[in-house]
Amino acid sequence: MEEESEFVEPVLECLGEEDEVFNLVEELQGSTMMRTRDQYKSSTSMFLLHLYRRNHPALNPAFAQETKKVLEGPRPRGRCTDTTLIRDLLPGYSQSRPLEPLLWERVTPEVIRASIANLRRENSKTSDSKINAYRAAIHLLFKDFKKTSAWQAIAPTVSTIINGWKKRIARKRKEDGVEVERGMNALPFKLYAIICKQLAQHKLTRPFAWCYATLLWNLMYQSDNISYINLGHIKCKDDHLLMYFAHSKTDQEGKLAKYPRAVYANPLEPWICPVSALGIYLICISACVGGPSTGLPLFEGNQEDRARRFRACLSS
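Just so we're clear, the structure is a prediction, and the values are computed from it rather than from any experiment.

1. Observations concerning the overall build of the protein chain
When its secondary structure is counted, the protein chain shows 13 helices and 3 strands. Counting only residues that meet the buried cut, the protein chain has 37% of its 316 residues in that class. Carbon and sulfur atoms make up 53% of the accessible area of the protein chain, which totals about 19200 Å².

Here it is in C-alpha cells:
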C-alpha cells in the first residue's frame, strides 16, 4: 500500500483530481475481463460437460467414468457446480496425473459446432468474444495434452465455423438494435497520463516501461507487436517518426507491412510524448550503439520477458 501511495499521490496532487481518478480506476477494474487459464478451464469444462450429457463417443470412457463419479458423489464445499467439479479433473487442478478427457481423433469440427450451438441455446446473449474464448479454451485443452497436430487438422474448419457464428451474432445484434459497445472499457486518458508520468519518474521502472507504455498507446497495437519493434524498422520523416510492422494478428501475410504508423511528439506534455520516451530509452540502452541500421530489436529479451518486465514495472 505504501508503494502504491508513493506511485499515485504525487501525480494526483499535481492534477488536483484525486477522487475522480480513483473513481476511474475502480470503474476500469470492475469492467475488465481477465482471460486467465482459470476462465479457459471453465469454458473447457462446459465443453466436456456437453459431451458427457450426450454420452458422446469423442469423450474418453475412462474420463466419462471419473466424471460420473465426481458428479454423483458428495460435493466438496465450494465445488457446487458441475463445471467446477469437471475442472478439478483437468491439468493444473488434478492432484494426480490427469486422464486424457477426449479420444482426440473423434473430435471433429462438427462436434465443436454442436457444442457452440448448445452454448447459444442455453444463453441467447452469448457474445462473439465468449465464443472466441470458448474456441481458445478447446485449443488450450489440446495443447495441454500435447495434441497440437490433432488440433491443427481441424483448426481451419473450426475457424470458419466460429466466423460464421460471429456473423450471425452481428446480424442479430443489428436486427434487434441491441447495445454494440461490448468487451473491455477503454483506458481513460487521464489514467494513462498518470501511469506515464509516474513511469517517467519512478526509479525502479527505468525508461523501458515508459517507452513501452507510450508506444502501446500511440501505435494502437497489441503488446506482442510492440515487443517485436526492430530498430531497423524505425524511420524519421519530416516532423515525425514512422514505424513499420512486418507482421501482425490482422495481417498474418505481411501485406500491410509497407504502410507504416506515424508517431508524433507532444512537447506540451512530455511525460506522454512517445518521441521523448523513445529518445531517452535509446540513450540508456547499449543496443543502439551501432545505430538503427544494426537491425537489433528495440526491446531486449523475448516477447514473454518484455511483457513480464512491463507488468513488473506497473506493479512495482
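Following the structure, the description resumes.
2. As for the sheet that holds strand S1 (residues 234-237)
The strand order S1-S2-S3 describes an open sheet built from 3 strands, whose pairing is antiparallel. The open sheet is flanked by S1 and strand S3 (261-264), the only strands paired with a single partner. Averaged over all pairs of adjacent strands, the angle between their axes in this sheet comes to 30°, without regard to strand direction. The pairing of S1 with strand S2 (residues 240-243) spans 4 bridges and is antiparallel. Looking across to S2, one finds that Cys 236 is bridged to Leu 241. Most of the contacts of helix H12 (residues 274-284) go to S3, to which it runs at about 90°, and overall it touches S2 and S3.

3. A few points about a nonpolar patch on the surface
Together, Leu 187, Phe 189 and Trp 217 make up an exposed nonpolar region whose accessible area comes to about 250 Å². With respect to the helices, strands and loops of the structure, Trp 217 is situated in helix H10 (residues 206-219). A residue is classified by how much of its surface remains accessible, and Trp 217, at 32% relative accessible area, is partly exposed.

4. Observations regarding the nonpolar core
Core analysis: the largest hydrophobic core is formed by 36 residues, its most contacted members being Phe 47, Leu 48, Leu 102, Ile 112, Phe 142 and Trp 151. Every element with two or more residues in this core is listed here: helix H3 (37-53), helix H4 (61-72), helix H5 (82-87), helix H6 (109-122), helix H7 (128-144) and helix H8 (148-176). Take this core: its biggest share by element is 8 residues, from H8. Excluding its chain neighbours within four sequence positions, the residues that come into contact with Ile 112 are Phe 47, Val 107, Ile 138, Trp 151, Ile 154 and Val 158. Counting 30 residues, the second largest nonpolar core, distinct from the first, contains Ala 213, Leu 241, Ala 277 and Phe 310.

The rules we used
- Residues numbered from 1 in each chain as written.
- Predicted model: local features only at pLDDT ≥ 70, side-chain atom pairs only at ≥ 80, totals over all residues.
- Heavy atoms only, no water.
- Helix = DSSP H or I, 4+ residues; strand = E, 2+ residues; numbered from the N terminus.
- Buried < 20%, exposed > 50% of the residue type's maximum accessible area, 1.4 Å probe, protein only.
- Areas by Shrake-Rupley, 256 points an atom, 1.4 Å probe, with all protein chains shown as cover.
- Pairing = 2+ DSSP bridges.
- Axes fitted to C-alpha atoms, helices over the stretch in contact; angles between N-to-C directions.
- Contact = heavy atoms within 4.5 Å.
- Patch = residues over 30% accessible without salt bridge, like charges linked within 9 Å, V, L, I, M, F, W, Y side chains within 5 Å.
- Salt bridge = Lys/Arg side-chain N within 4 Å of Asp/Glu carboxyl O.
- Core = buried A, V, L, I, M, F, W, Y, C linked by side-chain atoms within 4.5 Å.

Fair warning: the whole summary comes from geometry, so function is off the table for now.
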